[in-house]
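Residues per chain are reported as follows:
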Protein chains: 2
Amino acid sequence: MSSAHPAAAVELDDLPQPYLLFLGDVTEAGYAKTAFGLRDWASDRCIGQWGCGSTIDTGLPTLTPLEAWVRGARGIVIGVATPGGAIPPRWVEALIEALEAGLDVVSGMHTRLSSIAPLADAARRLGRRLIDVRVPPDGLPVGTGRRRTGRRLLTVGTDCAVGKKYTALALAKALAERGDAVDFRASGQTGILIAGRGVPMDAVVADFAAGAAERLSPAAEPSHWDIVEGQGSLFHPAYAGVSLALLHGTQPDAFVVCHQPDRPHVLGYPDFALPDVVEVIELTMRLGQRTNPRIRCVGVAFDTSRLDADDATARMHAEGARLGLPVADPVRGGDAFTALVDAVRAVSP
Amino acid sequence: MSSAHPAAAVELDDLPQPYLLFLGDVTEAGYAKTAFGLRDWASDRCIGQWGCGSTIDTGLPTLTPLEAWVRGARGIVIGVATPGGAIPPRWVEALIEALEAGLDVVSGMHTRLSSIAPLADAARRLGRRLIDVRVPPDGLPVGTGRRRTGRRLLTVGTDCAVGKKYTALALAKALAERGDAVDFRASGQTGILIAGRGVPMDAVVADFAAGAAERLSPAAEPSHWDIVEGQGSLFHPAYAGVSLALLHGTQPDAFVVCHQPDRPHVLGYPDFALPDVVEVIELTMRLGQRTNPRIRCVGVAFDTSRLDADDATARMHAEGARLGLPVADPVRGGDAFTALVDAVRAVSP
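Along each chain, residues carry numbers from 1 onward, in the same order as the chain's sequence is written. Numbering of ligands from 1 and lettering of chains from A proceed in the order in which they are written. Given that the model is predicted, a residue must reach a pLDDT of at least 70 before its local features are reported, and side-chain atom pairs must reach 80 or more before they are shown or counted; all residues, however, enter totals for whole chains, interfaces and linings. As a rule here, side-chain values come from all non-hydrogen atoms in the structure, and water together with hydrogens is ignored.

Engineer: Sorry, what's going on with the overall build of chain A here?
Structural biologist: Within chain A one finds 11 helices and 13 strands. What you see for chain A is a C-alpha radius of gyration of 20 Å, in line with the 20 Å of a compact globule of 349 residues. Taken along the three principal axes of its C-alpha coordinates, chain A extends 60 × 45 × 45 Å. When burial is assessed residue by residue, chain A has 61% of its 349 residues classed as buried. Contacts are residue-level and defined by heavy atoms, with any inter-residue pair within 4.5 Å sufficient. Sequence-distant contacts in chain A: of pairs separated by 6 or more residues, those separated by 24 or more amount to 76%. We count a stretch as a helix when DSSP gives it H or I for four or more residues in a row; a strand needs E for two or more, and each element gets its number in order from the N terminus. The globule rule used for comparison is 2.2 Å times the number of residues to the exponent 0.38, while the radius of gyration itself is calculated over C-alpha atoms. Here the term buried applies to any residue with accessible area under 20% of the maximum for its type, exposed to any over 50%, and partly exposed to those in between, with areas from a 1.4 Å probe on protein chains only.

Structure representation (C-alpha cells):
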C-alpha cells in the first residue's frame, strides 16, 4: 500500500502553520478529539476554528478561512472524525473554500485527501498542498516479541475517546518536568500532529500492527520512559484488535486505565456497556503478560470533564479506595495527579 | 490503499489454471501451507511443483516451468510464505523463468507482484498476468458488533500453521455431505485460492479488521453454517490482534481449537511456549463473549501429521478425556472426527 504514497514521517517543520481548526458538521464532542487535542497541546499553533454546521466550540475564535489567512493561518486541519474515518462530501466544498483562501489542508483521516477528485483538482489549480498524516511508514516489520531495554508505559481504556492521549501527554510532560528522560509516543493522528512524529496504528495493515508498535517504542536506556498513547479498547467491538497489537508490541512495564465515569456505553455502540475498570486491569494484565511478564497497573485516569469538581473528586476518591490505586484526572491535575506521576516513577528500570 | 488496485474478488474462473506450485528455497514445511493446501483441497488444479533450492516435497511431480506448460499448466502459484510476506529477490529470477515459459504468476503474499520492477517488466514484455489474491476488497466498514442470524463456527489456534484452514475445510465438507446448508469462509490467501473468494484478513487495515470479518460472514438463514477459517492465535506475539478482530467480527456460536501436540514453541518464536489448549478455550470464550454471549467450544482438532498412528490416537484420547470434548485429526478422520462433526451439528440455531 505504501509505494504510491510519500513516507509518513511528516516533521512538524513541514506542516503549514499556524492552523485553522475545521469542525465540519459534527455535533458530538467525542468526535472532535483532534480539534480539542490541538487546542490543548499545541495552542501556540492554533488561531481559530471554523465549521459547516458544527455545534462544537473549542473556545478559539470562529474565523472564515480568509479571516484566518489574514491573521496568519497557513493550514486548515480537519479537527473532527467520523466513525471509520471517511470525509463526507459536504465537507469537501468547505475545504475547497479554504484552499481558495490560501490554506493548505491537513488531515488525519483514513480517506486520502488526494483521492477526493474535486479537492485534488482545486489543490492543483491553486498550488496548495494536501497533507495526510495518517499514512504508516514504509517497511514495517512483523512483531518479534523480543524484550527491549528501557521503560514503557501504555495508556489503555474502557473505550475510545476517554483520555488516553491526554493522559499520555500529561504524564510525559510531568516526567520531563521532574528531569526524567522521556518521550511521548503518538499512535494516532492527533498525537502525531502534536508531537510531529509517530505511527498511525489504526491505519497499519493488521499483520504488521504489533511490529509497528515495536518500532514506535524502540530499545532505549534502561531508565528512559516511552509514554505510549493507547488506541481503542480491548472491549471495543470494532477496534480491540488494534488495542491488543499495541499492547503486545509495546510490551509495557506499566499501564494506566483511562475511563469516563459518566459514560453509559461504548461511544456509538449503545448495545455495548462499558467494561468495569477492574475488568480492564485484569484483561490487560493477562494479555500483556504474554510479551512482558512484569506488566502492572500503576493507576487510573478519569475524564471528569462533564462533572462538577465535587462530584469528580468524590468519584475519584471512591474509585481509588476500591482499587487501591491512584486515580486522577490529568486535566484537573492536583495532588491526585501527583500521586499518579509518583506511581509511574516508582516503577524500577 | 484500495483505489490504486483492482478489487479483491478474484473468481476462480479468472485464475490461470491448472497450477505449477512454486516452493522457492523454503525448507520448513510450516512455511509451505499454500502448496500443501492446494495439493490437498484443489488437487484437480495442481499438476506439479518446482523450487529454487527448496527441500519441501508435496508429492506432486517436479517439473520445470516449461515442462509444466507443456503438460497444460497456465499459472505458477507461489506456494510458500516467508514471515511477513515479502518475496525474496532470489525468487524473482525463478518467477521470470516461469513467465518466459508461458505461465502467469499468482501470489498471496503481502508484496504486490507488480511492485517488483524486474517481474513487472518481464510480465509486460511477455504479455503475462501478475495476480495478487491478498488484496482486501474496497470499502470495508468498521465493525458494528450487531448480532446476525445464521450459525457461525470459527477455527482458532494455539499458533499459526496448526490446521485452522484444514479443519474448517474438512468441517464444511462434512456438513455439506450431511445435507446441511454451509459455506466455507476463507480468511487467508490459500483459502481464497481454494474457495475462489474470501477476505485476506491479515492484509486489511487494522481499523477495519473486525468490520471485514463481519462482512466475511454475513447474516444468513438461521440454520445455515458459516465455517470460518481462523488466523494466527490470541497468544501470538505478532498476530494476536488479527485473531481478536476475527473473533469479535465473526461472533461465532462455536469454535474448534486447532493444535499441533508435538510443537514445542510458537513457530519462529523460540522464546514463546505454545499455550495449553485449556488456556486457548478459556481466553477465546472470554473475549468472544463480548460479541456473542452464546459462544462455546465444541471440540479440538489435532495436527498429528508428524506422529505415528498409535501415538496420535493415544494423545487424542488423553486430551479428549482431560477436556471432556471431542478431539480429532480432520486429516485422519475416523470416528473421532465424526464425533467432532456431530458436536458441531448439535449447536442449535
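Engineer: How should the side chain of D207 of chain A be read in this particular structure?
Structural biologist: Its place among the elements puts D207 of chain A in the loop between α6 (189–195) and α7 (209–216). Note on D207 of chain A: relative accessible area 6%, which makes it buried. Among residues more than four places away in sequence, those in contact with D207 of chain A are V142 of chain A together with H110, R134, D202, A238, Y239 and V242 of chain B.

Engineer: Help me understand the pattern of salt bridges in this model?
Structural biologist: Working definition: two side chains of opposite charge can pair if their charged atoms are close together. Residue and element names in this part refer to chain A. Definition used for salt bridges: Asp or Glu carboxyl oxygen within 4 Å of a side-chain nitrogen of Lys or Arg. Taken as a whole and judged by the stated rule, the model has 42 salt bridges over all chains. For D121, the salt bridge is made with R124, and the minimal N-O distance between the two is 2.7 Å. Of this pair, D121 and R124 both sit in helix α4 (residues 117–126), three residues apart, which is roughly one turn of that helix. Since its relative accessible area comes to 41%, D121 is described here as partly exposed. The shortest N-O distance in the salt bridge between D202 and R134 comes to 2.3 Å. With D202 in the loop between α6 and α7 and R134 in the loop between β5 (130–132) and β6 (151–157), this pair connects stretches of sequence that are 68 residues apart. Residue class for R134 comes out buried when judged on its relative accessible area of 7%. When salt bridges that share partners are traced, they join D183, R185, R197 and D226 into one network.

Engineer: What is the right way to read the relation of the copies chain B and chain A from this model?
Structural biologist: Each of the two chain copies can be generated from the other by rotation about an axis followed by a shift along it. Superposition of the copies used a least-squares fit over C-alpha atoms from residues whose pLDDT is at least 70 in both. If you rotate chain B by 180° and push it 0.0 Å along the axis, it lands on chain A with an RMSD of 0.0 Å. On this basis, the relationship between the two copies can be described by a two-fold rotation axis. Counting the interface residues of chain B, we find that 100% of their copies in chain A are interface residues as well, pointing to one common contact surface.

Engineer: Please clarify how the state of the cysteines should be interpreted in this entry.
Structural biologist: Simply put, disulfide is the name for a covalent bond between the sulfur atoms of two cysteines. Residues and elements named next belong to chain B. Two cysteine sulfur atoms form a disulfide, by the criterion used here, when they sit within 2.5 Å. Scanning the entire structure with this criterion turns up zero disulfides over all chains. Cysteine C52 is unpaired, with the sulfur of C46 as its nearest cysteine sulfur at 18 Å. Here C160 stays unpaired: no disulfide links it, and the sulfur of C258, its closest cysteine neighbor, is 12 Å away. Overall, C160 belongs to the buried group, its relative accessible area being 16%.

Engineer: Before we go on, may I ask you to explain the sheet that holds strand β13 (residues 327–328) of chain A in this structure?
Structural biologist: Whether parallel or antiparallel, the strands of a sheet pair through hydrogen bonds between backbone atoms. All names here are of chain A. Pairing between two strands requires that DSSP report at least two bridges joining them. Taken in spatial order, the six strands make up an open sheet running β7-β8-β6-β9-β12-β13, and their pairing is parallel. Strands at the two margins of the open sheet, each flanked by one partner only, are β7 (182–185) and β13. Here β6 pairs with strand β9 (residues 254–259) via five bridges, running parallel. Among the inter-strand pairings, T155 is bridged to a residue of β9, identified as V256. For helices, the fitted line uses only the C-alpha atoms of the stretch in contact; every axis is such a line through C-alpha atoms, and the angle between N-to-C directions lies from 0 to 180 degrees. Where helix α5 (residues 164–177) meets the sheet, it contacts β6, β7, β8 (225–228), β9 and β12 (296–302), and its direction lies at approximately 165° from that of β7.

Engineer: Mind showing me how you'd approach the packing of helix α9 (residues 277–288) of chain A against helix α9 (residues 277–288) of chain B here?
Structural biologist: Think of two packed helices as two axes; the pair is described by the angle between the axes and how far apart they sit. Contact geometry for α9 of chain A and α9 of chain B: axes closest at 13 Å, N-to-C directions at 145°. Of the two elements, α9 of chain A crosses α9 of chain B, and the hand of that crossing is left-handed. Residues E279, E282, L283, R286 and L287 of chain A of α9 of chain A form the contact with α9 of chain B, whose participating residues are E279, E282, L283, R286 and L287 of chain B. Of the residues contributing to the contact of α9 of chain A with α9 of chain B, the split by class is four nonpolar, no polar and six charged. The hand of a helix crossing depends on one turn: near helix anticlockwise from the far one by less than a right angle means left-handed, and clockwise means right-handed. Each residue is assigned to one class: nonpolar for Ala, Val, Leu, Ile, Met, Phe, Trp, Tyr, Cys and Pro, charged for Asp, Glu, Lys and Arg, and polar for all the others, Gly among them.

Engineer: Any chance you could explain the sheet that holds strand β9 (residues 254–259) of chain B here in plain terms?
Structural biologist: All names here are of chain B. With parallel pairing, the six strands of this open sheet are ordered in space as β7-β8-β6-β9-β12-β13. If you trace the sheet from one side to the other, it starts and ends with β7 (182–185) and β13 (327–328), each paired once. Relative to strand β8 (residues 225–228), strand β6 (residues 151–157) runs parallel, the two sharing four bridges. Paired with R151 across the strands is W225, a residue of β8. Strand contacts of helix α11 (residues 334–345): β6, β8, β9, β12 (296–302) and β13, with the helix running at about 160° to β12, the strand carrying the most contacts.

Engineer: Would you take a moment to explain the domain arrangement of chain A for this structure?
Structural biologist: Frequently, the measure chosen for interface size is the accessible area that the parts lose on association. Residues and elements named next belong to chain A. Along its sequence, chain A is organised into domain 1 (12–132) and domain 2 (151–345). These domain boundaries are the output of an automatic or database domain assignment. Computed from C-alpha atoms alone, the centre-to-centre distance between domain 1 and domain 2 is 27 Å. The interface formed by domain 1 and domain 2 contains zero salt bridges. Think of a polar contact as two N or O atoms within 3.5 Å of one another; within protein, one of them needs to be a possible hydrogen donor and the other a possible acceptor, and neighboring residues in sequence only count if both atoms come from side chains. Where domain 1 touches domain 2, the interface holds four residue pairs in polar contact (both at pLDDT 80 or more).

Engineer: I would appreciate a short explanation of the interface of chain B and chain A in the present structure.
Structural biologist: Each partner contributes residues to the interface: chain B has 41 residues there, and chain A has 41 residues. A 1.4 Å probe defines the accessible area here, and the buried area is the portion of it lost by two parts on being joined, summed over both. Summed over both partners, the interface of chain B with chain A comes to about 3,500 Å²; 58% of that surface belongs to carbon and sulfur atoms. Among the residues chain B hides against chain A, the three largest losses belong to D207, R286 and R290 of chain B. Together they make up 20% of the total. Put simply, chain B and chain A have four salt bridges between them. Between E282 of chain B and R286 of chain A there is a salt bridge, with the nearest N and O atoms lying 2.6 Å from each other. Along the contact surface separating chain B from chain A lie 12 residue pairs in polar contact (both at pLDDT 80 or more). Looking at the side of chain B that touches chain A, the elements with two or more residues in it are α8 (240–250), β11 (269–273) and α9 of chain B.

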